[in-house]
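Chain by chain, the residues:
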Amino acid sequence: MAATRVRFCLALLMLVASMAAWMMPSAVAGKGPPPNYADALSKCLLFYEGQRSGKLPPTQRATWRKDSALKDGQDAGVDLVGGYYDAGDNVKFGFPLAFTGTLLAWSIVEFSADMGPELVHAHEALRWVTDYLMKATTQRNRVFVQAGDPYSDHNCWERPDDMDTPRPSFQVNDTHPGSEVAGETAAALAAASIAFRSSDPAYADNLLSRAKMVYDFASKYQGSYAKSVGKWVCPFYCDVGGYEDELVWGAAWLNRATDSSDYTKHITRGIQRIQRQMKLRVNGYDSQFSWENKDAGNYILLLLMQRKDDDYSKYAQNFACSLLPKSPYKSTEYTPGGLIHRAPMANMQVVTALSFLLVVYGRHLSEVNGVVTCGKSTFPPSALIDLAKSQVDYVLGDNPLQMSYMVGYGKKFPQRIHHRAASVPSIGQHPQHLGCKDGTPYYVTDAPNPNVLVGALAGGPNDGTDNYLDNRTWSNQSEPATYVNAPFVGVLAYFSKHG
Ligand SMILES: *[C@@H]1O[C@H](CO)[C@@H](O)[C@H](O)[C@H]1NC(C)=O
Ligand SMILES: *[C@@H]1O[C@H](CO)[C@@H](O)[C@H](O)[C@H]1NC(C)=O
Ligand SMILES: *[C@@H]1O[C@H](CO)[C@@H](O)[C@H](O)[C@H]1NC(C)=O
């Protein structure tokens, strides 16, 4: 799959139709037991063990997975072993991987106090990204941005453990820059330095100095990796909206990690450019936040760090006003059952990312006794928290189908996610090598996946209704991805304490 992801990028840029004002996201209520957010948090983190590439440690809990891709990077004389497989395939795409790292780190930075015993696993999940990103950025003015040939990978249905497709590595450098991927990588390293600051200060120092080096490269050599690396990254993970938002994002995280305003000029210049471009698109309101677009995330992050002369609150309010169901400026569509509907591909990534921002923003507003004003309507912080809660509860089973969209959570959950490692029998069950097309029968069968990828969030309902097919060949509904779970870690931690 993944070729269709470009359609999702385009869809993000389209303005969605307004829905009737009576439509409340919490319309479905009182069904089933209350969600167990702590259980869901634990599973949400366990998912990452199923996505691991490289040499697995003795502490590996998802034991149906084995070592894989142990030679990544050798073609370029570097060590790129480790990191995560992106989704249901076996490619390591650096751009969404770095975003996954940034959001796992942000989840820890905001909600570590709510994580209890899961903080250890959150740190492990994040370190699996940052150890890899450190390997990918050892040389000045060079970032390795991908391992694996996506065309041959997608043409096969193979377990990562006996994958035999080509594993070329791809890079950006001073002659072929990639400011979106380098900016996001800098953001991930800087955010992670905060997340590890108290538990492992030496590691945090290394992450932070690397973040500065990578950011210098991103901002000094500006350009898009779509142009520099071409068909190997596009149409899979193209940054169609441009890299300006990642340059702001990297700078914002560096300011936060260094507790300084050293990068402020990058931020103000970038925001001005983005706002100019925005006037040409959506009517001033932007509620996008994904691996492709950091706008709303930038505004909320900057609001948290706001100094005397800044005013990011109007941008943050625009974000909330475009989402809140009773806002006069709502531009977000909801399904009849109350789920945010925006993407025809892995819609759940929008749900989890926006829920994260709603919780962070809502909590901030209640700390400063603020409200959200949308024209003549005023909303208390609890309106944001309640909207996020309605999304989480929907995902965990409070929906018309009364099913959970998290594998292994609840009584009814997806059985046939679009995932190579989960759907082909494990090495333990089937030690013989299975080549490129040997996995096809496991792809097309109606039987449930033999390996339960606990914690994976399916892409979920994606056509504006609450329907879900649980069909492996419908990757637009059934594929999980690392960046879907990452913001959910923070959201679940919050509700496990404040639900
Ligand atoms: C710079 O990156 C481009 C694009 O990935 C690559 O083709 C080229 O070989 C790299 N240059 C060097 C000197 O490695
Ligand atoms: C999802 O994929 C299926 C199978 O390829 C297709 O029939 C359906 O139209 C797709 N749905 C959307 C919303 O793109
Ligand atoms: C999944 O969809 C395919 C093609 O649309 C169909 O042939 C198959 O029977 C479906 N499987 C299930 C379990 O619904």
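The rules behind these values
Residues numbered from 1 in each chain as written. Chains lettered and ligands numbered in written order. Predicted model: local features only at pLDDT ≥ 70, side-chain atom pairs only at ≥ 80, totals over all residues. Heavy atoms only, no water. Near = heavy atom within 4 Å. Polar contact = N/O pair within 3.5 Å; in protein donor to acceptor, adjacent residues only side chain to side chain. Areas by Shrake-Rupley, 256 points an atom, 1.4 Å probe, with all protein chains shown as cover. Nonpolar A, V, L, I, M, F, W, Y, C, P; charged D, E, K, R; others polar. Axes fitted to C-alpha atoms, helices over the stretch in contact; angles between N-to-C directions. Helix = DSSP H or I, 4+ residues; strand = E, 2+ residues; numbered from the N terminus. Parallel < 35°, antiparallel > 145°, perpendicular 65-115°, else oblique. Left-handed = near helix turned anticlockwise from the far one by under 90°. Contact = heavy atoms within 4.5 Å. UniProt positions renumbered as here; feature names shortened; annotations may be inferred. Buried < 20%, exposed > 50% of the residue type's maximum accessible area, 1.4 Å probe, protein only. Core = buried A, V, L, I, M, F, W, Y, C linked by side-chain atoms within 4.5 Å. Expected span 1.5 Å × (residues − 1). Phe/Tyr/Trp six-rings, centres within 6.5 Å; stacked < 30°, edge-to-face > 60°. Lys NZ or Arg CZ within 6 Å of the ring centre and 35° of its normal.

Caption draft 1: Molecular detail of the site of ligand 1. As a matter of local geometry, ligand 1 sits amid Arg142, Gln171, Asn173, His176 and Ser228. Contacts to ligand 1 include glutamine 171, whose backbone N or O atom sits 2.6 Å from an oxygen atom. Asparagine 173 is positioned such that a nitrogen or oxygen atom in its side chain is 2.3 Å from an oxygen atom of ligand 1. When ligand 1 sits alone it has 360 Å² of accessible area, and the protein chains cover 54% of it. Its residues placed into classes, the shell around ligand 1 shows no nonpolar, four polar and one charged.

Caption draft 2: Spatial organisation of the packing of helix H4 (residues 119-136) against helix H6 (residues 179-195). Where H4 meets H6, the axes come as close as 10 Å, and the angle between the chain directions of the two elements is 135°. Classified by the angle their axes make, H4 and H6 are oblique. In this structure, H4 crosses over H6, and the sense of that crossing is left-handed. Residue-level inspection shows His123, Leu126, Thr130, Leu133 and Met134 of H4 in contact with H6, the latter providing Thr185, Ala188, Leu189, Ala192 and Ala195. Split into classes, the residues belonging to the contact of H4 with H6 amount to seven nonpolar, three polar and no charged.

Caption draft 3: Representation of the UniProt feature "active site" (unreviewed entry) in the protein in the model. Per the UniProt record, the feature "active site" (unreviewed entry) sits at His418. Of note, histidine 418 is situated in the loop between helix H14 (381-395) and helix H15 (420-423). Since its relative accessible area comes to 2%, histidine 418 is described here as buried. Within the local environment of histidine 418, its side chain forms a polar contact with the backbone oxygen of arginine 472, the two atoms lying 2.8 Å apart.

Caption draft 4: Spatial organisation of the packing of helix H13 (residues 348-367) against H14. Remark: H13 packs on H14, axes separated minimally by 8 Å, with the N-to-C direction vectors making an angle of 150°. Between H13 and H14, the interaxial angle falls into the category roughly antiparallel. Taken as a pair, H13 and H14 cross one another with a handedness that is left-handed. When H13 is examined against H14, the residues Met348, Val351, Ser355, Leu358, Val359, Tyr361, Gly362, Arg363, Leu365 and Ser366 are found in contact with a partner set consisting of Pro381, Leu384, Ile385, Leu387, Ala388, Gln391 and Val395. Tallied by class, the residues present in the contact of H13 with H14 amount to 12 nonpolar, four polar and one charged.

Caption draft 5: Fine view of the nonpolar core. By size, the foremost hydrophobic cluster in this structure holds 150 residues, and its most contacted members are Trp106, Phe289, Tyr361, Val372 and Leu492. Once residues within four sequence positions are removed from consideration, tyrosine 361 is found in contact with Ile300, Leu303, Ser313, Ala316, Gln317, Phe319, Ala320, Val372 and Leu384.

Caption draft 6: Main features of H14. Here H14 is 15 residues long and its end C-alpha atoms lie 22 Å apart, about the 21 Å a rise of 1.5 Å per residue gives. Of all 15 residues that make up H14, 12 are buried, and the element is covered over most of its length. When H14 is considered as a whole, its buried residues turn out to be Pro381, Ala383, Leu384, Ile385, Leu387, Ala388, Ser390, Gln391, Val392, Asp393, Tyr394 and Val395. One or two positions beyond H14, positive phi appears at glycine 397, with a value near 130°.

Caption draft 7: Layout of the packing of aromatic side chains. With the rule as written, the count across this model stands at 30 aromatic pairs. Taking the centre distance of 6.4 Å and the plane angle of 85° together, the rings of tryptophan 106 and phenylalanine 289 count as edge-to-face. Of this pair, tryptophan 106 sits in helix H3 (residues 94-111) while phenylalanine 289 is found in the loop between helix H10 (264-279) and helix H11 (295-304), placing the two residues 183 residues apart along the sequence. Assigned by exposure class, tryptophan 106 and phenylalanine 289 land together as buried. Ring plane angle 85° and centroid distance 6.0 Å describe the contact between phenylalanine 111 and phenylalanine 356, whose orientation is recorded as edge-to-face. Taken together, the residues span a long stretch of sequence, with phenylalanine 111 in helix H3 and phenylalanine 356 in helix H13 at a distance of 245 residues. The residues phenylalanine 111 and phenylalanine 356 share a single accessibility class, namely buried. In textbook terms, an aromatic cluster arises when at least three aromatic residues are bridged by ring pairs, as seen for Tyr37, Phe99, Trp106, Phe111, Trp249, Trp253, Phe289, Phe356, Tyr494 and Phe495. One residue, arginine 127, lies across the ring of tyrosine 203, its end atom 4.2 Å from the ring centre. The ring of tyrosine 151 has lysine 231 sitting right over it, with the charged end atom 5.9 Å from the ring centre.

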